[in-house]
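Reading the structure
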Amino acid sequence: FTNLLAMPNNNFQNVSSTLDKLLKNYDIRLRPKFGAETLNVSMEVVLASFDAISEVNMDYTITIYLNQYWNDERLVFGNKRDYLTLMGDFAEKIWLPDTFLANDKFSFLHDVTEKNKMIKIYGNGDVIYGMRFTTTLACMMDLHNYPLDSQNCTVEIESYGYTNKEVNICWKNSKASVKGVDKVSLPQFQILNYKTSTYLEQQATGYYTRLSLSFLLQRHIGYFIFQTYLPSTLIVMLSWVSFWINHEATSARVSLGITTVLTMTTISTGVRATLPRISYVKAIDIYLVTCFVFVFAALLEYAAVNYSYWSQRAKKRKKLNQAINQNISECYDDNEVLPISSKKSKKKETSFIDDDYNRMSPLPWFYNSRNKNLNFEEDNNPHASFYAKSQDIRPDKFGSNSILNRKKPSANQRKLVKSIDARSKKNKFLDQNGNYNQFANKRTVNRHLLSSFRFKAKGFKKILPQVKDISIIDKYSRIAFPNLFLLFNLVYWCFYIVQSSFYDT
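Since the structure is predicted, the reported quantities are computational estimates derived from the model, not experimental observations.

**A look at the overall build of the protein chain**
What the protein chain contains, in helices and strands, is 11 helices and 12 strands. Put simply, the protein chain has 505 residues, and 35% of those count as buried. Here the analysis covers contacts within the protein chain between residues at least 6 apart in sequence; of these, 77% occur between residues at least 24 apart. Summed over all atoms, the accessible surface of the protein chain reaches about 31100 Å², with 57% contributed by carbon and sulfur.

What follows is the structure, encoded as structure tokens:
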């Protein structure tokens, strides 16, 4: 079970007999220098890996090499140049410090391919006891600035049974006793700095020396930018699209508002699942709640727009109906003979206004516009008939030329109109001498087609619904919401970035 590495001067012919002599009369129950002076035990830590950090459990996991140094005068077998490297099983036969990790939750010693322990004994009695293990240590984190935060996680090393008057543990070479920190990398954190300290810990059985190795960890913000902040910002900007949608498109605006609200709720739920249930407000909570307020306010803004619009329409409809009824009554006061009764006339004309003002979307208005403009071509076509130009068919103020008092043309009038139209068409294709002009015919046809195309384009443009933003609330929201959100982002990022930098320094 022994392994001899180096013996500069062969003072011992038989290493086994030497070990037997060292262990003869050796009492494992007594510490070195028992009853005399305090035993100094030096510590050295080599950081192998920083495995994981959990905000939910408030702990982190690391793998370290822990080396302990002390002197045991009972193990002297030569000078300082002589040493023996022994397997870990030999540690069960000599005294060992009762070192433990004060903030440890769970630890295990690696045993592949053998237990990762070793003992090295020098000829002057110096002992080095090393081991490799993985431990999960408690780290009480302050998440007020999460995820723009920095955390301070520690490794607490202490003697379990020996007080500071019996065993004094210390760092072998202060900060230089910790090695391997510059070779460790973490996915979500960066090790800004580390330090070592020593202090007394008071327990019920006395004062104990405790060594502390603290790591200053700064969280990387890149992951949260792409997973939380950027999606939340885009969802808020998406809710502003409803300000440019016609207020009569109820289904579009309501569905957009509800979708953004539910999306923000989902993002907030996912963030809370990765954090402990703490009572105080975190930095990411402020941002998510503000984004939720913005998208919810955009949904409430449409409710205000819809209410104000239809309340104003109701007032205008009531006033217009009263004015039309009064106008109709004044027109019928002259005792004129009408083809229909006055009651039915009033009902018919006011129903025209009611249908127009009670529409719930632009589509019924579009079809009504098509029906109302069926006579558009006849009224404005430069090639229309003489009769169509001579008659006014627009029902303005129900005067003498209104559609109610217009009579049907007689048979002689219709024949006269047809003869005038035929004569005008024929004269279009004759020159000054009365001869048929073929080129004039082509030019006339081209002009006629071009004029007809322009006329139909104007007619199509006229019957298209013109969406007018009559809501002053939407106009102000288009400016107020983006500016307020931009102001919030400036204040938010400036405050937490400056605070994080101040904490790090």
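Next, the rest of the story.
**A word on the side chain of lysine 282**
Here lysine 282 shows up in the loop between helix H3 (250-273) and helix H4 (283-331). The residues touching lysine 282, leaving out its near neighbours within four places in the chain, are Leu143, His144, Tyr146 and Leu275.

**Looking at the packing of helix H2 (residues 222-239) against H3**
Relative orientation of the contacting elements H2 and H3 amounts to 165 degrees, with a least axis distance of 9 Å. Viewed along their axes, H2 and H3 adopt a mutual orientation that is roughly antiparallel. Taken as a pair, H2 and H3 cross one another with a handedness that is left-handed. Seen from H2, the contacting residues are Thr228, Pro231, Ser232, Ile235, Leu238 and Ser239; seen from H3, they are Leu256, Thr260, Thr263, Met264, Ile267 and Val271.

**Here's the deal with the pattern of salt bridges**
Two side chains that carry opposite charge are able to pair once their charged atoms sit near each other. By the definition in use, this model includes 11 salt bridges. Note that aspartate 27 and arginine 29 form a salt bridge whose closest N and O atoms lie 3.0 Å from each other. We classify aspartate 27 as partly exposed; its relative accessible area is 23%. Exposure remark for arginine 29: the relative accessible area of 69% places this residue in the exposed category. What you see here is one network of salt bridges that share partners, running through Glu55, Asp149 and Arg219.

**So, the state of the cysteines**
Counting across every chain of the model gives one disulfide. Here cysteine 139 engages in a disulfide with cysteine 153; their sulfurs sit 2.1 Å apart. Between cysteine 139 and cysteine 153 the sulfur-sulfur dihedral comes to about -80 degrees; the bridge is accordingly left-handed. Of this pair, cysteine 139 sits in the loop between strand E7 (126-138) and strand E8 (150-159) while cysteine 153 sits in strand E8, placing them 14 residues apart in sequence. With respect to burial, cysteine 139 and cysteine 153 carry one shared label: buried.

**What to know about the pairing of strand E1 (residues 39-54)**
Bridge count for E1 against strand E9 (residues 167-171) is five bridges, and the pairing is parallel. Considered in E9, the bridge of leucine 39 is made with valine 167. Direction of pairing for E1 relative to strand E2 (residues 59-71): antiparallel, over a ladder of 11 bridges. The residue of E2 that forms the bridge with valine 45 is leucine 66. The hairpin formed by E1 and E2 contains four residues between the paired strands, and methionine 58 there has a positive phi angle of roughly 55 degrees. With two bridges connecting them, E1 and strand E10 (residues 178-179) associate as parallel partners. Opposite valine 46, over in E10, you have lysine 179 as the bridge partner.

**Let's talk about the confidence of the model for the protein chain**
In this model, the protein chain carries an average pLDDT of 78, and 70% of its residues clear a pLDDT of 70 or more. Note that residues 1-9 has pLDDT below 50 and, in this model, 21 contacts with residues that lie over four places away or in other chains. Counting interchain partners and residues more than four positions distant, the pLDDT-below-50 stretch residues 335-367 has 43 contacts.

**Quick word on unusual backbone geometry**
It is generally the case that most residues other than glycine have a negative phi and that most peptide bonds are trans. Across the junction of valine 112 and threonine 113, the peptide omega takes the value -5 degrees, indicating a cis bond. On the secondary structure map, threonine 113 appears in the loop between strand E5 (104-109) and strand E6 (117-122). Of note, the bond from tyrosine 146 into proline 147 is cis; its omega dihedral lies within 30 degrees of zero at 5 degrees. Position of proline 147 relative to the elements: it lies in the loop between E7 and E8. Phi at asparagine 25 is positive, roughly 65 degrees, even though this residue is not glycine. As for its placement among the helices and strands, asparagine 25 is situated in the loop between helix H1 (15-23) and E1. The residue methionine 58 is not glycine, and still its phi comes out positive at about 55 degrees. Inspection of the secondary structure assignment puts methionine 58 in the loop between E1 and E2.

**Notes on H1**
In an α-helix, one full turn covers 3.6 residues, which means residues spaced three or four apart are oriented alike. Three or more residues of H1 are buried, namely Val15, Thr18, Leu19 and Leu22. An end-on view of H1 places all buried positions within 95 degrees of arc, on one side of the element.

**As for the nonpolar core**
Grouped together as the largest cluster of nonpolar side chains are 80 residues, with contacts concentrated most on Phe50, Tyr60, Val155, Ile157 and Phe215. Sorting elements by how many residues they give to this core places H4 first, with eight residues. Counting residues domain by domain, this core receives three or more from each of domain 1 (20-219) and domain 2 (224-316 + 474-504).

**What about the sheet that holds E8?**
Read across the open sheet, the four strands follow the order E4-E8-E12-E11; overall the sheet is antiparallel. Looking along the sheet, the strands with just one partner apiece sit at the ends: strand E4 (99-101) and strand E11 (189-203). Each adjacent strand pair in this sheet contributes to an overall mean axis angle of 20 degrees, direction not counted. Here E8 pairs with strand E12 (residues 206-219) via nine bridges, running antiparallel. Residue pairing for E12: isoleucine 157 is matched across the bridge by leucine 211.

Thresholds, definitions, all that
Residues numbered from 1 in each chain as written. Predicted model: local features only at pLDDT ≥ 70, side-chain atom pairs only at ≥ 80, totals over all residues. Heavy atoms only, no water. Helix = DSSP H or I, 4+ residues; strand = E, 2+ residues; numbered from the N terminus. Buried < 20%, exposed > 50% of the residue type's maximum accessible area, 1.4 Å probe, protein only. Contact = heavy atoms within 4.5 Å. Areas by Shrake-Rupley, 256 points an atom, 1.4 Å probe, with all protein chains shown as cover. Axes fitted to C-alpha atoms, helices over the stretch in contact; angles between N-to-C directions. Parallel < 35°, antiparallel > 145°, perpendicular 65-115°, else oblique. Left-handed = near helix turned anticlockwise from the far one by under 90°. Salt bridge = Lys/Arg side-chain N within 4 Å of Asp/Glu carboxyl O. Disulfide = S-S within 2.5 Å. Pairing = 2+ DSSP bridges. pLDDT = per-residue confidence, 0-100. Arc of directions from axis to C-beta. Core = buried A, V, L, I, M, F, W, Y, C linked by side-chain atoms within 4.5 Å. Domains from an automatic or database assignment.

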